[in-house]
Amino acid sequence: MKSITFILLGFFISTSLSAQKIITGFVKDKKNEPVMFINVILKDSANTRTLAFTQTNENGYYELSGVIKEKCQLSFSGIGYETKRLMIESNSNNQLKLDVELEQSPIVLNEVIVHADLPIREKKDTVVFSVKAFADGTEQVIEDLLKKIPGISVDEKGVIKVGNKEIERLMIDGDDFFEKGYKIIAKNMPVHPVEKVELLQHYSKNHLLKGVEDSEKYALNLRLKEEAKRFWFGNINVTLSPINLQQYLFKSNLMNFGNKNKFYFLTNANNIGVDAIGDVEELIRPVGLDDIGSIGDDQQAYKTINIISTPTNFSKNRTNFNNDKLISLNSIFNPTQKLKIKSIIFLNSTANNFFNKTINTVAVKDINFVNTEDYRLFKNGKVIFGKLDLTHDISKNQNFQSINKFSISDNRDKSNILFNDIYISEKMLFRNHLIDNKNTYTIKLKQGRVFLLNTRIIDDRSPQNYQINNFQYQISNFSENSNIAQNSENRMRFYAVESSLLNKSNLTKRRLELHLGSTLRDDLLISDFNTDKSKPLWNNDYKNLVRYISNDTYLKSKYFFPLKNFSATANLEIHQLYNYLNENNISRNQTYTFLNHGANLDWNKQKHRINTSYNYNITNASIIEVYNHYILTGFRNLTRGSGDFNQIDASTYKINYQFGNWNDRTFANLSVMYIKNHNFFTTNTTISPTMSKLDKVLFNDRNQINYTINYDYYIKSLKTRIKTEAMFSFADYKNIINDTELRFIKSKNYLYSLELRSGFKGMFNYYIGTKWNDNNIQAYRNIKVINNISFLDLSLNLNKNIVAQLQCERYSFTGTSIRKSNSYYFTDFDIKYAIPKNKLSISLSGKNLFNTTIYHNYTVNDIGSVYNEYRLLPRFVLLRAEYSF
């Protein structure tokens, strides 16, 4: 397998190198002045097929590359100039320099309609990508298409980024359905109805803030083909295993995007490891902390215990033993030109199994022991989510938006654990009820001046019932091997009001922001222990009855002023904090006044940009840090807070250098960030083989530093973009083990990666890369582990009907106490045959062809190391049929 991979790689690189010709030159007029925006097009001799395309820049310079066989035609054209055509013959020279002089042509136009079929076009803050210029037939959903557009990337979790920044929205014909839950569209919507992808730069969610707020955000908009508008269309995908008929995937999309109303209905059901939605929390609780009027986005009820699967460095679809079902009904209505109503109904049922064995080695001075676990987790969950958005444009300069949503979830989790050869069973019933209302009134007082009023009300409740048999720790009158139950009630209510004034001078471009507001968070935490026979626990150290109220009244200001190539921003916040704490009917309160402040300097000249910033922030302790009695957070973990009011303060220093932009041929970014935590929460942990008890304590001085380097370069001769990344992070912190002396810990992490992705117009493309991660922790001794992921994806368009894909992956790790490197190989394939006339495609795919069913890895922490064994989905073959209508 390794030999075949290297032979294939050498073949297509050598073939690409020998076939490409680079043509460069300058275009000038009769006065020897450079001419910009001239279209330079390379076509075959019959003038039927475009081989390459570019435009001249501000200096009249152009550069393009293409495959030249025998004779080709090179044309130069632009509005106001006569078109010039030249014939070029193939020769052994891979570079050709050709300067051209164009003659002006007078134009008299009554009405002109220009239809330019260009791969990439820019208009103000919008970049338009033609889908047919980047699609190669292997794409099934929008996510697959976006991966092939230059400057846009999609990571293994489905996060879409432009350059290094995540997008805010993924819209369809200008309308947004899911906000930060955009992965639902990316992972389910088919590609065939989309004609263009629009990248919106300096994006503002509120159109009245466009040009007034300081936005560096991106959004994507999918422009549909005309034949896909105002008509019902969609697709049905049925996938089955032809061997046992037990593995399946059923997916359907039904859409209608008219001028007044839009509908998008989708279903997805599968048990082959496919994640159809990403993180459902991003749909229910989208976070936009940098957005104006985003008060309350980060507020939710605290969950005392989570039965979760151990994360791996695998793609989720290899460890996801699932049986998921999804229905989503989404509509947008425009009853009048001024009123828009958006509704979402989302139903999701999940059943996930996870299998993991661990050898946990603890070595801390005189504390040495080894625990073994055979862990089998069975998760079942149901989510009902509804959302109703109302947007009313009161006038040209006023609008009102109301966002209302509810969520009901029911989770029933169970795990069977063989802990040091002792059988333990745990069960958890977890329910969540969420009601959320957010209102925003916006008025543009005059050009460059906008006033906003925001209100927010959230009611979030998360009751939990956790049961464990054969409890391995003695508490008060509970002996070891008891059956334990913990009931907890976690309720959070949040109220907020904020008024904002934004003012921007059209003359000086200076900008002022003022925000006056008040937030109130009311937490109620109740927890208690009992046996399966409701036997009470005598020791109050394991019961909580806590009400914690925090009110923050604030005035925030930000001032921005430009100075030629420089710009500066200063911000100042004044907070008046009032905290109220009632524990077991004993009350106390705190009043605290503090200032947050920061500054930012930005230098920007041509392709160079340097940004420096400093921020000092104080944050209030949450109920997680405040409660004073123990709560069971796992079958062998007990945790409690500090039992006191606390505020955490930190200083952040950052410098960033950027060369080029995300869409330039060369893009480089260097970032250095240093965080000084003047005080921070850490733990005083009592460790034993059967139980860990964690007390949160407050210490001073923690340091963190991060270095990140990114370099992207487009190799025109190879039609390949190369991406490299290197990152180093260092942190020092402190904690206490078993009430002994203070421990000083240092953590170092190195990450470096290399990727190459081709963009050939021919039948063949590749995507190859490798990523290394080196993690080192120094406590009483040094412990390190090195992980590597390498991959090779090949796609082959045999003809317009047959497309094949091959995906190869290699995982390996090595580290302290590991005698040899451990490597694992995976190969998947997919062959698709399309019948365009019948709007039908048939595919055959295979997963995990080497049938690797067990995977091991190694992780380190400040008290030892963990050796993990994961069960993986076995090899299977699928037959897929997809019909579009």
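Just so it is clear, the structure is predicted and the values come from calculations on it, not from any experiment.

For the rest of this paragraph, the subject is the overall build of the chain. Scanning the chain for helices and strands turns up six helices and 48 strands. Against the 2.2 N^0.38 benchmark of 29 Å for 885 residues, the chain shows a C-alpha radius of gyration of 30 Å, consistent with a compact globule. By its C-alpha atoms, the chain is 95 × 65 × 55 Å across when sized along the principal axes. Looking at the chain as a whole, 49% of its 885 residues are labelled buried. Considering only contacts within the chain whose residues lie at least 6 apart along the sequence, 63% involve residues at least 24 apart.

The next subject is a nonpolar patch on the surface. On the surface, Trp232, Ile236, Val238, Leu240, Leu245, Phe250, Leu254, Tyr883 and Phe885 cluster together to form a nonpolar patch covering roughly 790 Å² of accessible area. Contributions of two or more residues to the nonpolar patch are made by β17 (233-240) and β18 (248-257). At three residues, the largest contribution of residues to the nonpolar patch is made by β17.

Looking now at the packing of aromatic side chains. Tallied over the entire structure, the rule returns 33 aromatic pairs. When the ring of Tyr824 is compared with that of Tyr855, the centres are 5.0 Å apart and the planes differ by 70°; the resulting orientation is edge-to-face. Highlighted residues: Tyr824 in strand β44 (residues 822-835) and Tyr855 in strand β46 (residues 854-861), separated in sequence by 31 residues. The class of Tyr855 is buried, set by a relative accessible area of 1%. Joined through ring pairs, the aromatic side chains of Phe354, Tyr811, Tyr824, Phe826, Tyr855 and Tyr870 make up one cluster. The lysine or arginine in question, Arg511, covers the ring of Phe560, its NZ or CZ lying 4.4 Å from the ring centre. Against the face of Phe355 rests Arg871, its NZ or CZ located 3.9 Å from the ring centre.

With that settled, consider the pattern of salt bridges. Counted according to the given criterion, the structure contains 44 salt bridges. Ionic pairing is found between Asp644 and Arg588, a salt bridge with its closest N-O pair at 3.3 Å. On the criterion of sequence distance, the pair formed by Asp644 in the loop between β35 (637-640) and β36 (647-659) and Arg588 in strand β32 (residues 586-605) is long-range, its members being 56 residues apart. Looking at Asp644, the relative accessible area reads 36%, which means it is partly exposed. Residue classification places Arg588 among the partly exposed positions, given a relative accessible area of 30%. Among the salt bridges present, the one from Asp695 reaches Arg640, with a minimum N-O distance of 3.0 Å. Residue Asp695 is found in strand β38 (residues 692-715), and its partner Arg640 is found in strand β35; the two are separated by 55 residues along the sequence. Look at Asp695 and you get buried, because its relative accessible area is 16%. Overall, the relative accessible area of 21% leaves Arg640 in the partly exposed class. Beyond isolated ion pairs, a larger network of salt bridges with shared partners links Arg169, Asp176, Glu179, Lys342, Lys387 and Asp389.

The next thing to look at is the domain arrangement of the chain. The domain architecture assigned to the chain consists of domain 1 (6-102), domain 2 (129-270) and domain 3 (278-741). Here the C-alpha centroids of domain 2 and domain 3 sit 27 Å apart. Contacts between domain 2 and domain 3 engage 45 residues on the former and 50 residues on the latter. Of the roughly 3900 Å² buried where domain 2 meets domain 3, counting both sides, 51% is carbon and sulfur surface. The salt bridge involving Lys387 is made with Glu179; its shortest N-O contact spans 2.0 Å. Across the domain 2-domain 3 interface, the total number found is 14 residue pairs in polar contact (both at pLDDT 80 or more). Breaking the side of domain 2 that touches domain 3 down by element, the ones donating at least two residues are α4 (183-188), β15 (194-201) and β19 (262-270). The element contributing the most residues to the side of domain 2 that touches domain 3 is β19, with nine residues.

A word on empty space enclosed by the protein. Summed over all chains, the structure comprises four cavities of 30 Å³ or more. By volume, the largest cavity is sized at about 60 Å³. Around the largest cavity, the lining residues are Ile284, Arg285, Pro286, Gly296, Asp297, Gln299, Lys405, Leu434, Asp436, Arg456 and Ile458. Within the residue set of the lining of the largest cavity, elements represented by two or more residues are β25 (422-446) and β26 (449-461). Partitioned by chemical class, the residues of the lining of the largest cavity number four nonpolar, two polar and five charged. Empty space within the second largest cavity amounts to approximately 50 Å³. Every residue along the wall of the second largest cavity is listed here: Ala363, Arg743, Ala779, Tyr780, Arg781, Ile783, Asn861, Asp862, Ile863 and Gly864. Grouping the amino acids of the lining of the second largest cavity by side-chain chemistry returns five nonpolar, two polar and three charged.

In this structure, Ile160, Leu170, Met189, Val197 and Tyr264 are the most contacted members of the largest nonpolar core, which totals 57 residues. Broken down by element, this core gets its largest block of residues, four residues, from strand β16 (residues 218-224). Shared between two domains, this core takes at least three residues from each, and those domains are domain 2 (129-270) and domain 3 (278-741). For Leu170, the contacting residues outside a window of four places in its chain are Ile142, Ile160, Asp176, Tyr182, Ile185, Ala186, Leu220 and Leu222.

Turning to the sheet that holds strand β5 (residues 71-78), a few remarks are in order. Strands belonging to one sheet form pairs held by backbone hydrogen bonds; the direction of such a pair is parallel or antiparallel. Across the sheet, four strands lie side by side as β3-β2-β5-β6; this open sheet has antiparallel pairing. Of all the strands in the sheet, just β3 (50-55) and β6 (81-89) have a single pairing partner and so form its edges. Along the sheet, successive strands turn relative to each other by an average axial angle of 15°, direction set aside.

Criteria and thresholds
- Residues numbered from 1 in each chain as written.
- Predicted model: local features only at pLDDT ≥ 70, side-chain atom pairs only at ≥ 80, totals over all residues.
- Heavy atoms only, no water.
- Helix = DSSP H or I, 4+ residues; strand = E, 2+ residues; numbered from the N terminus.
- Rg over C-alpha atoms; globule rule 2.2 N^0.38 Å.
- Buried < 20%, exposed > 50% of the residue type's maximum accessible area, 1.4 Å probe, protein only.
- Contact = heavy atoms within 4.5 Å.
- Patch = residues over 30% accessible without salt bridge, like charges linked within 9 Å, V, L, I, M, F, W, Y side chains within 5 Å.
- Areas by Shrake-Rupley, 256 points an atom, 1.4 Å probe, with all protein chains shown as cover.
- Salt bridge = Lys/Arg side-chain N within 4 Å of Asp/Glu carboxyl O.
- Phe/Tyr/Trp six-rings, centres within 6.5 Å; stacked < 30°, edge-to-face > 60°.
- Lys NZ or Arg CZ within 6 Å of the ring centre and 35° of its normal.
- Domains from an automatic or database assignment.
- Buried area = accessible area lost by both parts, 1.4 Å probe.
- Polar contact = N/O pair within 3.5 Å; in protein donor to acceptor, adjacent residues only side chain to side chain.
- 1 Å grid on protein atoms, 1.4 Å probe; cavity = no way out; pocket = protein on both sides within 12 Å on 5 of 7 lines; lining within 4 Å.
- Points joined across faces, edges and corners; volume = space filled by probe spheres on them.
- Nonpolar A, V, L, I, M, F, W, Y, C, P; charged D, E, K, R; others polar.
- Core = buried A, V, L, I, M, F, W, Y, C linked by side-chain atoms within 4.5 Å.
- Pairing = 2+ DSSP bridges.
- Axes fitted to C-alpha atoms, helices over the stretch in contact; angles between N-to-C directions.

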